[in-house]
Amino acid sequence: MAKGVEWALHTLLNLDMIGGGPVGSGQLAEAHGLSASYLNKQLQLLARAGLVVSVPGPRGGFRLARPLEAITLLDVVEAIEGGTQLFQCTEIRCCGKIGELSPPPTGTCAVNAAMRRAEQAWRQALDGQSLADIRAELDRTPMVRQTVRSALT
């Protein structure tokens, strides 16, 4: 999984912690010492997915498009990584000497089937957790919200 998912998750949480006003991509990037151009690409993907809204103007920037309760980890992963399947079966079982010596396969590749089941379970687990769940964990450490606000205001 690309770093962009981590950046996007923290950015969405940071936008919530500051209280909803728009924040510029440069300011968001600087708060974590990230590349502004790369973070801006992640923000554009989040905007396309309807997770943030871009607010134009001199006091513009990005703000959450919906509450954290309505944003799952899967929403963020799919916004950044896309919805494509992670495992790509290339039918290696049909290659090389094993492929030459084996009869043509008649069923689904067992490795492919196992990986699909695992990915489905992973996606269900991500879909079952909202960013509000993470915020609740962060709220146990009051300094987190105060630190984010200080860095972004």
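Notes on the structure in this doc start here. The written sequence of each chain sets the order in which its residues are numbered from 1. Totals for whole chains, interfaces and linings use all residues, but because this is a predicted model, local features are given only for residues with pLDDT of at least 70 and pairs of side-chain atoms are given and counted only at 80 or more. Heavy atoms throughout the structure, all of them, feed into the side-chain values; hydrogens and water do not.

## Section: the pattern of salt bridges
Next, step 1: Put simply, a salt bridge is a Lys or Arg side-chain nitrogen that is within 4 Å of an Asp or Glu carboxyl oxygen. Considering all chains together, one arrives at 7 salt bridges under this definition.
Next, step 2: For E78, the salt bridge is made with R123, and the minimal N-O distance between the two is 3.2 Å. Pair noted here: E78 is in helix α4 (residues 73–81) and R123 is in helix α6 (residues 110–127), with a separation of 45 residues, a long-range link.
Next, step 3: Exposure categories follow from relative accessible area, calculated using a 1.4 Å probe and restricted to protein chains: below 20% of the type maximum is buried, above 50% is exposed, and the middle band is partly exposed. The exposure class of E78 is partly exposed, given its relative accessible area of 34%.
Next, step 4: Given a relative accessible area of 15%, R123 falls into the buried group.
Next, step 5: Shared partners join several salt bridges into a network, and the residues in it are D16, E69 and R135. Working definition: helices are DSSP H or I runs of at least four residues, strands are E runs of at least two. Numbering for both runs from the N terminus.

## Description of the pairing of strand β1 (residues 52–55)
Next, step 1: Here a strand pair is declared whenever DSSP counts at least two bridges between the two strands. Alignment of β1 against strand β2 (residues 61–64), held across 4 bridges, turns out to be antiparallel. Across the sheet, S54 pairs through a bridge with F62, a residue of β2.
Next, step 2: Taking the residues between adjacent antiparallel strands as the criterion, β1 and β2 are bridged by 5 residues, where G57 takes a positive phi near 110°.

## A closer look at the packing of aromatic side chains
Next, step 1: In this analysis, rings of Phe, Tyr and Trp, with Trp reduced to its six-membered ring, are considered paired at centre separations within 6.5 Å, and the interplanar angle assigns stacked below 30 degrees, edge-to-face beyond 60, and tilted for intermediate values. Scanning the model with the defined rule gives 1 aromatic pair in all.
Next, step 2: With a centroid separation of 4.8 Å and an interplanar angle of 90°, the aromatic rings of W7 and Y38 are classed as edge-to-face. Placement of the pair is W7 in helix α1 (residues 3–17) and Y38 in helix α3 (residues 36–48), with a sequence separation of 31 residues.
Next, step 3: A relative accessible area of 13% means that W7 is categorised as buried.
Next, step 4: The exposure class of Y38 is partly exposed, given its relative accessible area of 30%.

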